[in-house]
Amino acid sequence: MLSRLGALLQEAVGAREPSIDLLQAFVEHWKGITHYYIESTDENTPAKKTDIPWRLKQMLDILVYEEQQQVAVGEAGPCLEYLLQHKILETLCTLGKAEFPPGMRQQVFQFFSKVLAQVQHPLLHYLSVHRPVQKLLRLGGTAPGSVTEKEEVQLTTVLCSKIQQDPELLAYILEGKKIVGRKKACGEPTALPKDTASHRDKDCSHDGAPARPQLDGEPCGAQALNSHMPAETEQLDGGTAESNLITSLLGLCQSKSRVALKAQENLLLLVSVASPAAATYLVQSSPCCPAIVQHLCQLYRSMPVFLDPADIAALEGISWRLPSAPSDEASFPGKEALAAFLGWFDYCDHLITEAHTVVADALAKAVAEKFFMETLQPQLLHVSEQSILTSTALLTAMLRQLRSPALLREAAAFLLGTDRQPEAPRDNPHALYAHLIGHCDHLSDEISIATLRLFEELLQKPHEGIIRSLVLRNLEGRPYVAWGSPEPESYEDTLDLEEDPYFTDSFLDSGFQPRAKPRLAPATSYDGKTAVTEIVNSFLCLVPEEAKTSAFLEETGYDTYVHDAYGLFQECSSRVASWGWPLTPTPLDPHEPERPFFEGHFLRVLFDRMSRILDQPYSLNLQVTSVLSRLALFPHPHIHEYLLDPYISLAPGCRSLFSVLVRVIGDLMQRIQRVPQFPGKLLLVRKQLTGQAPGEQLDHQTLLQGVVVLEEFCKELAAIAFVKFPLHDPRQNLSPAPEGQV
């Protein structure tokens, strides 16, 4: 009885609540929109002041409510069926293109975005959905600062989010998947999901063109409104729709508002799709990579022809997420254009880092070919000194913020080439590499300093090919080590001046060839057991006491150099840890044929510059010693042996960093005698360099500044050797060993 009574009550309540016909309400709202175009004669009334926004909102609410009430998941309800069959989105797209009433395009963008975002049923596979989406995207994204850019970026955000959920949608958005070819029948099987096949058939007439059924009870004026729709849609198959989403995003990226950041995030999301097939399609069938690089080249060309390298170096921390806004205090001509270029380069680097491997490699190659090779290289090879300075400083700034492995690989190949065979003195290196080496020893000191900064930045990049190309390939096999009798007990008792390993490089200059020694065993065998005190003192005692001035001033001494070197060495070691370098030098093979040793073009120009340290400007000397210090930090045993072990017996005609320093000291000892009141002048110059004395010009100013740099450089090398010494923990003792006999 109770259950029967409950059923009767429920029936009575149901009878009192009249059921709402959602389809009828949906059609009525659509009719209200079409009636407006038939009856309205005022072309100046904004769309916001008509009932169109309200009716579009009601249609959206009905679609969402209908989906929530659907019992069978995945099936389209009657209202959604009506939307798809009657090409409502196609019609709205045409109304938005006509921009009637004014502001209608914004309303259409908003309606598309909300329908795609709030309706959970997959829509973008439908021909009657992705076709108008393509057309709508084409209406915007071409002119930065357009009135609809906010609505455009909302639509692209929804589309990229949908593509992230289903990467296969990418092909539909970019070109419509060409679901039905012009010559194919509509009923031919396609790759569409099963739940979209029926609508695919309904969306197409028998000749493949979209049909336009008349709405039930729809006024004939609305049908006339859409009479041109099939012809317009047909144009989309001509290949012009493939770049819709990409070009729209790139256009929005150039906006001056926050819209640009959102568009960049959307493009980043698009290229990071997980599907290999979608990534391949993005590379092969869309203009994504060329368009991104083209914008980079345009920004480069929009900068002033000549920028001050100091201004470029000072503009640090440019990020695509937080572009640097020009300020009155630190402003200079071209700053805004420079910040825009570096910001977009940082964005390209970030894209390559986050993108699918297929997209990352393709984009990196596009940057290398179109920007590095075709745009930047002519500037680096230019005869104009100002052009060389500007392009080198820009390249250094780009390397400073470069992070992606793929782009770093391309940049290294662009600068250094791909040859990894040992160099010869008269070989023909990679063209750009040869020019850059020449720029390190250029007549213009500014060009030399700028190029040395470029190499210093390059040495800090986590790419083994860089240090191998510059240095390691020439040290393989240790041909710099002399062969001969076993190591003597005392160097002083057995080595004459002409056989001194520090001076054997003079043989080549004098034309005297040393006699060949039997290839039995190395004269010295570097095994990591040489006392650390001997190596450290070799550098600390290299500068004579009369040329030292740091002890007379309250300055940071050797201890601080050890502390700094330890931090830099730890950083360098962590960077190269995955490269699998050996811990000890390669054993010398007595059966290996001897080959003449050549330190390589890079070390040769550094050693040549170092040998002229007493005759070069202070800033140039600082840069040369800075690059050599960076090299000495690398934990490869051959680099450590060749640059930091004074006790290796060099092969005839070879020179090492220590032998170069010994020659500089020999030259210094002779020149000191010709400088009156040398100690006092040297102390005054050091005070000038540290800001403790006025910077008045002195006689022999360059020589005196060179001596100061030489003293500090020797302390720095001693500290690096100390922290790198095998089986020695520098944290145990940060004080130098007693200075004894070298």
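Bear in mind the structure is a predicted one, so any value in this text is a computation, not a measurement.

Calculation rules
- Residues numbered from 1 in each chain as written.
- Predicted model: local features only at pLDDT ≥ 70, side-chain atom pairs only at ≥ 80, totals over all residues.
- Heavy atoms only, no water.
- Buried < 20%, exposed > 50% of the residue type's maximum accessible area, 1.4 Å probe, protein only.
- Helix = DSSP H or I, 4+ residues; strand = E, 2+ residues; numbered from the N terminus.
- Salt bridge = Lys/Arg side-chain N within 4 Å of Asp/Glu carboxyl O.
- Patch = residues over 30% accessible without salt bridge, like charges linked within 9 Å, V, L, I, M, F, W, Y side chains within 5 Å.
- Areas by Shrake-Rupley, 256 points an atom, 1.4 Å probe, with all protein chains shown as cover.
- Lys, Arg positive; Asp, Glu negative; His and termini not counted.
- Charge placed at Lys NZ, Arg CZ, Asp CG, Glu CD.
- Axes fitted to C-alpha atoms, helices over the stretch in contact; angles between N-to-C directions.
- Parallel < 35°, antiparallel > 145°, perpendicular 65-115°, else oblique.
- Contact = heavy atoms within 4.5 Å.
- Nonpolar A, V, L, I, M, F, W, Y, C, P; charged D, E, K, R; others polar.
- Core = buried A, V, L, I, M, F, W, Y, C linked by side-chain atoms within 4.5 Å.
- pLDDT = per-residue confidence, 0-100.
- Expected span 1.5 Å × (residues − 1).
- Bend = angle between axes of the 7 residues up to and from the residue.
- Phe/Tyr/Trp six-rings, centres within 6.5 Å; stacked < 30°, edge-to-face > 60°.
- Left-handed = near helix turned anticlockwise from the far one by under 90°.
- Disulfide = S-S within 2.5 Å.
- Polar contact = N/O pair within 3.5 Å; in protein donor to acceptor, adjacent residues only side chain to side chain.

Chemist: Break down helix α5 (residues 88-98) for me, with residues and values.
Modeler: Counting buried positions along α5 gives nine out of 11 residues, so the element sits mostly inside the fold. Taken residue by residue, α5 has Ile 88, Leu 89, Glu 90, Thr 91, Leu 92, Cys 93, Thr 94, Leu 95 and Gly 96 as its buried positions. With its phi angle positive at about 55 degrees, Glu 99 sits one or two positions after the end of α5.

Chemist: Explain the pattern of salt bridges residue by residue, including any values.
Modeler: Pairs may arise between side chains of opposite charge once their charged atoms sit close together. All chains considered together, the criterion is met by 25 salt bridges. With a shortest N-O distance of 3.5 Å, Lys 365 and Glu 410 are connected by a salt bridge. With a gap of 45 residues between them, Lys 365 in helix α19 (residues 357-380) and Glu 410 in helix α21 (residues 405-416) connect regions that are remote in the sequence. Sharing partners across several salt bridges, the network here consists of Arg 686, Glu 711, Glu 712 and Lys 715.

Chemist: Describe a negative patch on the surface, naming the residues involved and giving the relevant values.
Modeler: Side chains of Asp 308, Glu 385, Asp 445 and Glu 446 sit close together on the surface and give a patch of like negative charge. Within the secondary structure, Asp 308 sits in the loop between α16 (288-301) and α17 (309-314). Its relative accessible area of 40% is what places Asp 308 among the partly exposed residues.

Chemist: Help me get a handle on the environment of Lys 31, residues and values and all.
Modeler: Along the chain, Lys 31 turns up in helix α2 (residues 22-39). Spatially, the C-alpha atoms of Lys 31 and Arg 55 are 9.6 Å apart, while their sequence positions differ by 24 residues.

Chemist: Help me get a handle on the packing of helix α3 (residues 52-69) against helix α6 (residues 104-118), residues and values and all.
Modeler: Viewed as axis vectors pointing N to C, α3 and α6 meet at an angle of 10 degrees, and their least axial separation amounts to 11 Å. With respect to each other, α3 and α6 are oriented roughly parallel. Of the residues in α6, those in contact with Ile 52, Pro 53, Leu 56, Met 59, Leu 60, Leu 63, Val 64 and Glu 67 of α3 are Met 104, Gln 107, Phe 111, Lys 114, Val 115 and Gln 118. Tallied by class, residues from the contact of α3 with α6 come to 10 nonpolar, two polar and two charged.

Chemist: Give a description of the nonpolar core that names residues and reports values.
Modeler: With 216 residues, the main nonpolar core has Leu 92, Phe 371 and Phe 602 as its most contacted residues. Ranked by residue count, the leading element in this core is helix α34 (residues 701-724), at 15 residues. Contact partners of Phe 371, with chain neighbours within four places excluded, come to Val 293, Leu 296, Cys 297, Tyr 300, Phe 341, Ala 366, Leu 376 and Met 398.

Chemist: I'd love a proper account of the confidence of the model for the protein, names of residues and values included.
Modeler: When the pLDDT values of the protein are averaged, the result is 80; 76% of them are 70 or greater. Overall, residues 485-529 carries pLDDT values under 50, and its contacts beyond four positions in sequence, including any with other chains, amount to 78 contacts. In the model, residues 727-742 has pLDDT below 50 throughout and makes 29 contacts with residues more than four positions away in sequence or in other chains.

Chemist: I'd like a description of α19, backed by residues and values.
Modeler: Its 24 residues place the ends of α19 only 30 Å apart at the C-alpha level, less than the 34 Å of an ideal helix rising 1.5 Å per residue. Taken as a whole, α19 carries its principal kink of about 40 degrees at Phe 372.

Chemist: Can you explain the environment of Thr 392? Please cite residues and give values.
Modeler: Its location among the elements puts Thr 392 in helix α20 (residues 385-400). Sequence spacing of Thr 392 and Leu 376 is 16 residues, and the spatial spacing of their C-alpha atoms is 9.3 Å.

Chemist: Help me get a handle on unusual backbone geometry, residues and values and all.
Modeler: Cis geometry is adopted by the peptide bond preceding Pro 101, which originates at Phe 100 and carries an omega value of -5 degrees. Tracing the backbone through its elements, the reader meets Pro 101 in the loop between α5 and α6. In this structure, Glu 99 is a non-glycine residue whose phi angle is positive, near 55 degrees. Examined against the element boundaries, Glu 99 turns out to sit in the loop between α5 and α6.

Chemist: Report on the packing of aromatic side chains, specifying residues and quantitative values.
Modeler: Applying the stated criterion to the full structure yields 19 aromatic pairs. Consider the rings of Tyr 37 and Phe 100, whose centres lie 5.4 Å apart with planes at 65 degrees: the pair is edge-to-face. Here Phe 100 lies in the loop between α5 and α6 and Tyr 37 lies in helix α2, a separation of 63 residues in the sequence. On the numbers, 5.3 Å between centres and 90 degrees between planes, the contact of Phe 539 with Phe 658 is edge-to-face.

Chemist: Give me the packing of α20 against helix α23 (residues 445-459): which residues, what numbers.
Modeler: The N-to-C vectors of α20 and α23 enclose an angle of 20 degrees; their axes lie 9 Å apart at closest approach. The orientation of α20 with respect to α23, classified from their angle, is roughly parallel. Between α20 and α23 lies a crossing whose hand is left-handed. Judged by residue contacts, Glu 385, Ile 388, Leu 389, Thr 392, Leu 395, Thr 396, Leu 399 and Arg 400 of α20 engage Glu 446, Ile 447, Ala 450, Thr 451, Arg 453, Leu 454, Glu 457 and Leu 458 from α23. The class makeup of the residues in the contact of α20 with α23 is eight nonpolar, three polar and five charged.

Chemist: How would you sum up the state of the cysteines? Please name residues and give values.
Modeler: Evaluated as defined, the whole model comprises zero disulfides. Here Cys 288 is not cross-linked by a disulfide; its sulfur's nearest cysteine counterpart is in Cys 289, at 4.9 Å. By relative accessible area, which is 1% here, Cys 288 ends up buried.

Chemist: Lay out the side chain of Gln 623 in plain terms, naming residues and giving numbers.
Modeler: Topologically, Gln 623 is positioned in helix α30 (residues 618-633). Here Gln 623 falls in the buried class, since its relative accessible area comes to 9%. Side chain to side chain, Gln 623 and Glu 456 meet in a polar contact 2.6 Å long.

Chemist: Which residues make up the environment of Leu 296, and what values go with them?
Modeler: Counting through the fold element by element, Leu 296 comes out in helix α16. It is 8.5 Å that separates the C-alpha atoms of Leu 296 and Val 367, two residues lying 71 residues apart in sequence. Non-local contacts of Leu 296, meaning those with residues more than four positions away in its chain, are made with Phe 341, Trp 344, Phe 345, Val 367 and Phe 371.

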